[in-house]
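Examination of the molecular architecture
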Amino acid sequence: MRPKRALAIALAVLLLAGIAALAVVPRLGGSDGELTTVRALVGSEKRSFLNDPDVTAALADAGYRLEVDVAGSRDIATNRDLTGYDLVFPANTPQADRIRRDHGVTRSSMPFSSPMAIATFRPIADLLTRAGVVRTEGGTSYFELRAYLDLVAAGTRWSDLPGAAAVYRTDRSVLIGSTDVRTSNSAALYLALVSYVANGDEVVTDARTADRMADLAAGLFLRQGYLDATSAEPFDDFLSIGMGKVPLVMIYEAQFLERVRAADGSITPDMLLLYPTPTIYARHTVVPLTDAGNVVGTLLATDPGLIRLAVRHGFRPSDPAAAAAEREARASSGATGPAELVDVVEPPSQEISERMIDRIETRYEEGAG
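**Remarks on the overall build of the protein chain**
Assigned secondary structure in the protein chain consists of 16 helices and eleven strands. Within the protein chain, the fraction of its 369 residues that count as buried is 51%. Within the protein chain, counting contacts between residues at least 6 apart in sequence, those at least 24 apart form 77% of the total.

The following block contains the structure:
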């Protein structure tokens, strides 16, 4: 082969290799090392993870700088102007599917998930154990939703529970604290669990039943009074104010485990995580709105270092190998929640969920609370 022909073939191979690399990673920052800024609108429960300096460094190594704004996941899907954002990161798949549909997006990635859980204090758990709401098996404490709903239906107050006079002297109603169901995914998943149990352990699938379940569940939200829009605020109240204001709060498991793994002293020995039975998983899903957003979403779901950082912040990875390693770590530690949960249900369809929330919103507008 003549030298000029060999050189031409070599250049063609290099060119094709370059095109292939660009197809996999469309942007790696400017040629002078400048980082590509990616604007993200995310659920509040992921704020500390995405602002972690180690996450910032890992993304910078790939050529990206993340700018994070926070909102309730349902708010992201239904109310926010997404102009100027490169990606959105709601806390669950139904909201992500709605955003994809409304914005004509076909791509998405799901880096991790987190089951719903209830943060409480040991004196409260003891009261609820005597009331038949909490039970402990294999070192994990479970919260029986059906027994809880029976207490709520009976108008039970904390002072009605045996032993309350010694540890929790208040006439407030027995209620799980939550976020605002009109803006927040964690509250929507709480509604999904309640509707499942109240519907005889069946997922709600039709409009008439959805209306009936919404009417039954409305009081769980309306009777709480003012509610925060995102899941971070009530958990911060739990940590800072204590059981006087927040005896029970519906959260993502990751919020509690993140603090446990940080060992920053915010989780005290009298704090406890309960797993509702049944429970439900929030599947945190990235919806890219630009190519750069798509690359960052893919990195969050596939980069081993970023996956390890997500585990450090309490999330359960979606990558099968990482998930298996995380389950093994949980099984060996015994202090960070069960490796697997058995009694897990699916949420209703997005249409049914929206119908129930809209009906509760109407009750708010009517001043039924």
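**Considering helix α9 (residues 185–198)**
Here α9 is 14 residues long and its end C-alpha atoms lie 20 Å apart, about the 20 Å a rise of 1.5 Å per residue gives. The first or second residue beyond α9 is Gly200, which carries a positive phi of 70°.

**Here we look at the nonpolar core**
Counting residues in hydrophobic clusters, the biggest one holds 73 residues, and the most contacted among them are Leu128, Phe143, Tyr148, Leu220, Phe221 and Phe238. Apart from residues no more than four positions distant in its own chain, Leu128 is found in contact with Val133, Val134, Phe143, Leu151, Trp158, Leu161 and Leu248. Ranked by size, the runner-up nonpolar core spans 25 residues in total, among them Val55, Tyr64, Leu87 and Phe315.

**Some points on the packing of aromatic side chains**
This model, assessed by the stated rule, comprises ten aromatic pairs. Judged by centre distance (5.7 Å) and plane angle (40°), the ring pair of Phe89 and Phe112 falls under tilted. Taken as a pair, Phe89 in strand β3 (residues 87–89) and Phe112 in strand β4 (residues 109–121) lie far apart in primary sequence, 23 residues in all. Centre to centre, the rings of Phe143 and Tyr148 are 5.3 Å apart; their planes meet at 55°, and the pair counts as tilted. Take Phe143: its relative accessible area is 0%, and that puts it in the buried class. According to the relative accessible area criterion, Tyr148 is buried, its value standing at 1%. In textbook terms, an aromatic cluster arises when at least three aromatic residues are bridged by ring pairs, as seen for Phe49, Phe89, Phe112 and Phe315. Over the face of the ring belonging to Tyr85 we find Arg39, whose NZ or CZ atom lies 4.4 Å from the ring centre. In this arrangement the basic side chain of Lys46 is found over the ring face of Phe89, its NZ or CZ atom lying 4.7 Å from the centre.

**Considering the pattern of salt bridges**
The full count for this structure, using the stated rule, is 23 salt bridges. Across the pair Arg101 and Asp102 runs a salt bridge whose closest N-O atoms are separated by 3.3 Å. Between Asp215 and Arg359 there is a salt bridge; the shortest N-O distance is 2.9 Å. Of this pair, Asp215 sits in helix α10 (residues 207–222) while Arg359 sits in helix α16 (residues 350–366); the two residues are 144 residues apart in sequence, bridging distant segments of the chain. Residue class for Arg359 comes out partly exposed when judged on its relative accessible area of 33%.

What counts and what doesn't
Residues numbered from 1 in each chain as written. Predicted model: local features only at pLDDT ≥ 70, side-chain atom pairs only at ≥ 80, totals over all residues. Heavy atoms only, no water. Helix = DSSP H or I, 4+ residues; strand = E, 2+ residues; numbered from the N terminus. Buried < 20%, exposed > 50% of the residue type's maximum accessible area, 1.4 Å probe, protein only. Contact = heavy atoms within 4.5 Å. Expected span 1.5 Å × (residues − 1). Core = buried A, V, L, I, M, F, W, Y, C linked by side-chain atoms within 4.5 Å. Phe/Tyr/Trp six-rings, centres within 6.5 Å; stacked < 30°, edge-to-face > 60°. Lys NZ or Arg CZ within 6 Å of the ring centre and 35° of its normal. Salt bridge = Lys/Arg side-chain N within 4 Å of Asp/Glu carboxyl O.

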